[in-house]
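Observations on the model geometry
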Amino acid sequence: MVEAVLIDLFSLTADLQNNIQGLLHNTLEAIVKCSSLHAPFVYVMCCHRQGSEKKGEQEFLLPALRVFRSLKRRLEVVCAQTTAAALYTIKQRLDEKDLSIIKVILPTLRKDLMKVYVGHLFTAVYQFEFEDLQVVPDSESLQISEHQHEGQMLPSQDMALIQSEIQMYLESLPSLKGELTILRSSLIPDDIFLHGFTTRTGGISYIPTLSSCNLFSSSKRRDPQVVVKENLRRLANAAGFNPEAFHRVKVDHANAVCIMGKTEPDNYDGIVTNQKGVTLAAPGADCIPVLFADPVRRACGAAHSGWKGTLLGVSMATVNAMVSEYGCNVKDILVVLGPSVGPCCYKLPWESAKEFHRIDPNCVRLFDSASPYIDIRRATRILLERGGILPENIQDDSIKDHQNQNITFCTACHPDKFYSHFRDGTNFGTQIGFISIK
């Protein structure tokens, strides 16, 4: 069942104004008749050219719309200077109402273009179907060009222009929820390494559970890659790293480690390098983003440690990779655990909890209950110390840094600062820990 209809009139020229009112009226009337049980939301997308007066060239649409606007408060005209701006505004309206099934009615000539815009600005959460708006222009040559273009691939030049238009628009958007904030540990020497843990402020993601500096996109969430890329660009500017030399682990909730410069595994939760200027990153939205730094051998790493990865020893696997690949001494490696869900909030079924109990009974609270509370940070620290990492070289919530600043906040307890899958559900945002050698 269609939840929303988008009528694309963005490219219509002045010579079509006399014909379009009746066509638009009939289109809207058909939508209402066909959707008598569940009237969809309707968005009409128009071009508002720079320098035009308030009552500009799109004013001709209003007579056809007024009757429907008075009958249904589900109709909105969205005028913007670019297709990217108009479509992103409509996406915001869809997300406010949690709508996902959209019919797009548009001139045939615009169909291939619109599919490219949709591909960039939306994810697989949304379902689109396309229907031709039968515009019959006076010019026969336009009819021919429409017919010739239909079903053909867009030239690469057009694709690049669309990408550039989207990027420029997203870069123009204001930051949301305050300034971009980065947490840093004084345990890692800043004369050798650039590092930090992100919070949720200072990006452009607007969906409540993703707002605002979400740094991960997937087919199951509503933030597209282009928005995450813009958030990353803003982070890179603030932190001082090159977003083009940025490598994030490919999460598998296991213990594989990628060695930069060697064949990249399909999935891995740890990554290490000794190359300067390469930024490594691990995500976390309850799982622990763990950073590793060896100031002696000048090597670094990052790991994503959820409960499964913690039990599988992903942190020590990352340490061992630094030792074997770069000749690091375990006693020189510094480890910082970033924001993650704390033992105050995190529960697991008893069968999983007993594995943490085997590491150390203090990793589990209310062990005899069906869902005990788990301390994945304590378990990580214990496994690191057993592997040879010095206790004073590990920073978590049990040991504050030299500035008496806590880095390992509980993500679930601080909705103003951090994302949390445990707290927010499936459409959750993600923060990261990142590190590079200067």
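See the structure shown above.
Only a predicted model underlies this, so the values are computations on that prediction, with no experimental measurement involved.

**Section: the state of the cysteines**
- For the structure on display, the rule yields zero disulfides.
- Here C328 stays unpaired: no disulfide links it, and the sulfur of C300, its closest cysteine neighbor, is 9.6 Å away.

**Re the nonpolar core**
- Among the nonpolar cores identified, the biggest contains 39 residues, and L6, M45, L87, Y88, L94, I166 and L170 are the most heavily contacted of them.
- Listed by contribution, the elements that provide at least two residues to this core are β1 (4-8), β2 (41-47), β3 (75-80), α3 (83-96), β4 (101-106), α4 (108-121), α6 (156-172) and α7 (225-239).
- Among the elements that make up this core, the one with the highest residue count is α3 (seven residues).
- Both domain 1 (4-135 + 161-172) and domain 2 (182-437) contribute no fewer than three residues apiece to this core.
- Not counting residues within four places of it along the chain, the set of residues in contact with L170 comprises Y88, I204, V226, V227, E230 and R234.
- Formed by 37 residues, the second largest nonpolar core is a distinct cluster that contains I288, A299, M322 and I359.

**Quick look at the environment of Y419**
- By the element assignment, Y419 lies in the loop between β17 (394-395) and α12 (421-424).
- Assessed through its relative accessible area of 0%, Y419 is described here as buried.
- At 2.9 Å, the side chain of Y419 forms a polar contact with the backbone nitrogen of N214.

**So, the pattern of salt bridges**
- Counted according to the given criterion, the structure contains 21 salt bridges.
- A salt bridge links R234 to E230; the shortest N-O distance between them is 2.6 Å. Here the residue R234 and the residue E230 both occupy positions in helix α7, the gap between them amounting to four residues, near one helical turn. Considered together, R234 and E230 belong to a single accessibility category, that of buried residues.
- Within the structure, one salt-bridge network assembled from shared partners comprises K91, D95, D98 and R222.

**Observations concerning the environment of V296**
- Here V296 lies in the loop between β12 (288-294) and β13 (299-305).
- In this structure, the C-alpha to C-alpha distance between V296 and C328, residues 32 residues apart in sequence, is 7.8 Å.

**Brief notes about the sheet that holds strand β14 (residues 334-337)**
- The six strands lie next to each other as β9-β10-β13-β12-β14-β17, forming an open sheet whose pairing is mixed. Every other strand in the sheet has two partners, leaving β9 (257-259) and β17 as the edge strands with one partner each.
- Where β12 and β14 come together, four bridges link them in antiparallel fashion. Within β14, the residue paired with F292 across the bridge is V335.

Rules and cut-offs
- Residues numbered from 1 in each chain as written.
- Predicted model: local features only at pLDDT ≥ 70, side-chain atom pairs only at ≥ 80, totals over all residues.
- Heavy atoms only, no water.
- Disulfide = S-S within 2.5 Å.
- Core = buried A, V, L, I, M, F, W, Y, C linked by side-chain atoms within 4.5 Å.
- Buried < 20%, exposed > 50% of the residue type's maximum accessible area, 1.4 Å probe, protein only.
- Helix = DSSP H or I, 4+ residues; strand = E, 2+ residues; numbered from the N terminus.
- Domains from an automatic or database assignment.
- Contact = heavy atoms within 4.5 Å.
- Polar contact = N/O pair within 3.5 Å; in protein donor to acceptor, adjacent residues only side chain to side chain.
- Salt bridge = Lys/Arg side-chain N within 4 Å of Asp/Glu carboxyl O.
- Pairing = 2+ DSSP bridges.

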